[in-house]
Amino acid sequence: MVIVILDFTTAAADRAAALTQLDSEHDEIRALPGNLAYRVYASRHDDTAVTLVHEWADEQSLAGYLRSDSFARSGRVIRPLMTGTPLSRRFRADLLETVA
């Protein structure tokens, strides 16, 4: 599994537009082959910070997302809103267990 965590900031007045864009892509991204999760978070401590966490079955699935129209659309909308350099971290992970 590949887990991606993207952190970025916008102006406080622009954060809602960034969140709306990410939320608008949810269903399309969740339908992509290999997508296991897609979650968008607005910081509760900083009115400019956004975090996107998504999980992929494998690196090929992530690569498909990075080539997708959804990824391109979000980049066109969100990149101009960013106030700093985004930080994207990608992790290879093994699921130990799911606890309910």
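Sequence order sets the numbering: in each chain, residues are counted from 1 along the sequence as written. pLDDT decides what is reported in this predicted model: residues at 70 or higher carry local features, side-chain atom pairs at 80 or more are listed and counted, and totals for whole chains, interfaces and linings draw on all residues regardless. Water and hydrogen atoms play no part in the side-chain values, which are based on all heavy atoms of the structure.

- Per an unreviewed UniProt entry, the protein goes by Antibiotic biosynthesis monooxygenase and derives from Actinoplanes hulinensis.

**Some thoughts on the nonpolar core**
Here's step 1: In these notes, a set of buried Ala, Val, Leu, Ile, Met, Phe, Trp, Tyr and Cys residues joined through side-chain atoms within 4.5 Å is what counts as a nonpolar core. Burial status follows relative accessibility: with a 1.4 Å probe on protein chains alone, a residue under 20% of its type maximum counts as buried, one over 50% as exposed, and anything between as partly exposed. Counting residues in hydrophobic clusters, the biggest one holds 17 residues, and the most contacted among them are Phe8, Leu22, Leu52, Trp56, Leu62, Tyr65 and Ile78.
Here's step 2: Here a strand is any run of E in DSSP of at least two residues, a helix any run of H or I of at least four, and the numbering for each starts at the N terminus. Counting only elements with at least two residues in this core, the list comes to strand E1 (2-9), helix H1 (15-24), strand E3 (49-56) and helix H3 (59-66).
Here's step 3: Take this core: its biggest share by element is four residues, from E1.
Here's step 4: Residue contacts follow a heavy-atom distance rule, with two residues in contact if any of their heavy atoms lie within 4.5 Å. Setting aside chain neighbours within four positions, we find leucine 52 in contact with Val4, Ile5, Leu6, Leu22, Tyr38, Arg39, Val40 and Tyr65.

**As for the pattern of salt bridges**
Here's step 1: Here, a salt bridge means any Lys or Arg side-chain nitrogen found within 4 Å of an Asp or Glu carboxyl oxygen. Evaluated as defined, the whole model comprises five salt bridges.
Here's step 2: Across the pair arginine 73 and glutamate 25 runs a salt bridge, and its minimum N-O distance is 2.8 Å. Separated by 48 residues along the polypeptide, arginine 73 in helix H4 (residues 69-78) and glutamate 25 in the loop between H1 and helix H2 (26-30) bring together distant segments of the chain.
Here's step 3: One connected set of salt bridges, linked through shared partners, spans Glu25, Glu28 and Arg73.

**Notes on the sheet that holds strand E4 (residues 87-92)**
Here's step 1: The strand order across the open sheet formed by four strands is E2-E3-E1-E4, and the pairing between neighbours is antiparallel. Of all strands in the sheet, those with a lone pairing partner are strand E2 (35-42) and E4, marking the two edges. Strand after strand, the sheet turns through a mean of 10° between neighbouring axes, direction not considered.
Here's step 2: Sheet analysis places E1 next to E3, joined by eight bridges and oriented antiparallel. Bridge pairing in E3 links threonine 9 to alanine 49.
Here's step 3: Each of E1, E3 and E4 is contacted by H3, which is oriented at about 130° to E3, the strand it contacts most. Pairing between strands is defined by DSSP: at least two bridges between them are needed. Simply put, an axis is a line fit to the C-alpha atoms, just over the touching stretch for a helix, and the angle between two N-to-C directions goes from 0 to 180 degrees.

**Observations concerning the packing of aromatic side chains**
Here's step 1: Here a Phe, Tyr or Trp ring, Trp counted by its six-membered ring, pairs with any other such ring whose centre lies within 6.5 Å, and the pair is stacked when the planes are under 30 degrees apart, edge-to-face when over 60, and tilted otherwise. All told, the structure shown has two aromatic pairs when counted by the stated rule.
Here's step 2: An angle of 25° between the planes, with centres 5.2 Å apart, marks the rings of tryptophan 56 and tyrosine 65 as stacked. Each member of the pair, tryptophan 56 as well as tyrosine 65, carries the same accessibility label: buried.
Here's step 3: Look at tyrosine 65 and phenylalanine 71: their rings are 5.3 Å apart centre to centre, the planes differ by 75°, and that puts the pair in the edge-to-face class.

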